[in-house]
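Residue-level listing of the chains:
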Amino acid sequence: QVQLVESGGGLVQPGGSLRLSCAASGSIFSIYFMGWYRQAPGKQRELVAAIMRGGNTDYGDSVKGRFTISRDNAKNTVYLQMNSMKPEDTAVYYCNVNGDRFGSWGQGTQVTVSS
């Protein structure tokens, strides 16, 4: 139904910034939720940020005040702006549409925060 392509991951130093992008295609009319999850080595997958169809946003406690999720409806794209990054932000980041159980997933993009 929905295909997701992620980009923007890479290596950044502590305190630096990255912006992730997730472009959606397919049955985009069915999207009611868009979010970013991440999974670090040895840890459970966790929600980083989400934006609902009405524009309401949610953030994981560990990223509040540092990360911002946004969307561009004309481009069918969701973004994750990551500022003041910390080593504990190192993970594979996954774009998700419509939930972590039955929704669609991107392929994942590696984010590494290290000096």
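These numbers were taken from a predicted model, which means no experiment stands behind them.

Conventions used here
Here the residue numbers are simple positions, counted from 1 along each chain's written sequence. With the structure being a predicted model, the display of local features is reserved for residues of pLDDT at least 70 and the display and counting of side-chain atom pairs for 80 or more, all residues being used for whole-chain, interface and lining totals. Excluding hydrogens and water, the side-chain values take into account all heavy atoms of the structure. Stacked, edge-to-face and tilted labels apply to pairs of Phe, Tyr and Trp rings (six-membered ring for Trp) whose centres lie within 6.5 Å, assigned for plane angles under 30 degrees, over 60, and everything in between, in that order. Strands here mean DSSP runs of E at least two residues long; helices mean DSSP runs of H or I at least four residues long; both are numbered from the N terminus. Only protein chains enter the accessibility calculation, which uses a 1.4 Å probe; a residue whose area is less than 20% of its type maximum is buried, one above 50% is exposed, and one in between is partly exposed. Criterion for a charge above a ring: Arg CZ or Lys NZ at most 6 Å from the ring centre, at most 35 degrees from the ring normal. The term salt bridge refers to a pairing of a side-chain nitrogen on Lys or Arg with a carboxyl oxygen on Asp or Glu at a separation within 4 Å.

Enquirer: Explain the packing of aromatic side chains to me, using residue names and the numbers behind them.
Expert: Taken as a whole and judged by the stated rule, the model has 2 aromatic pairs. A centroid spacing of 6.2 Å and a plane angle of 90° characterise the contact between Tyr94 and Trp105, whose relative ring orientation is edge-to-face. Taken together, the residues span a long stretch of sequence, with Tyr94 in strand 9 (residues 91-97) and Trp105 in strand 10 (residues 104-105) at a distance of 11 residues. By relative accessible area, which is 21% here, Tyr94 ends up partly exposed. Following the ring pairs from residue to residue traces out a cluster consisting of Tyr37, Tyr94 and Trp105. Lying over the aromatic face of Tyr37, Arg45 brings its terminal NZ or CZ to 5.9 Å of the ring centre.

Enquirer: Let's hear about the pattern of salt bridges: which residues, and what values?
Expert: Per the stated rule, a full pass over the model turns up 5 salt bridges. For the salt bridge of Arg38 with Glu46, the shortest nitrogen-to-oxygen distance reads 2.8 Å. Residue classification places Glu46 among the partly exposed residues on the basis of a relative accessible area of 32%. The closest approach of N and O atoms between Arg66 and Asp89, which form a salt bridge, is 2.8 Å.

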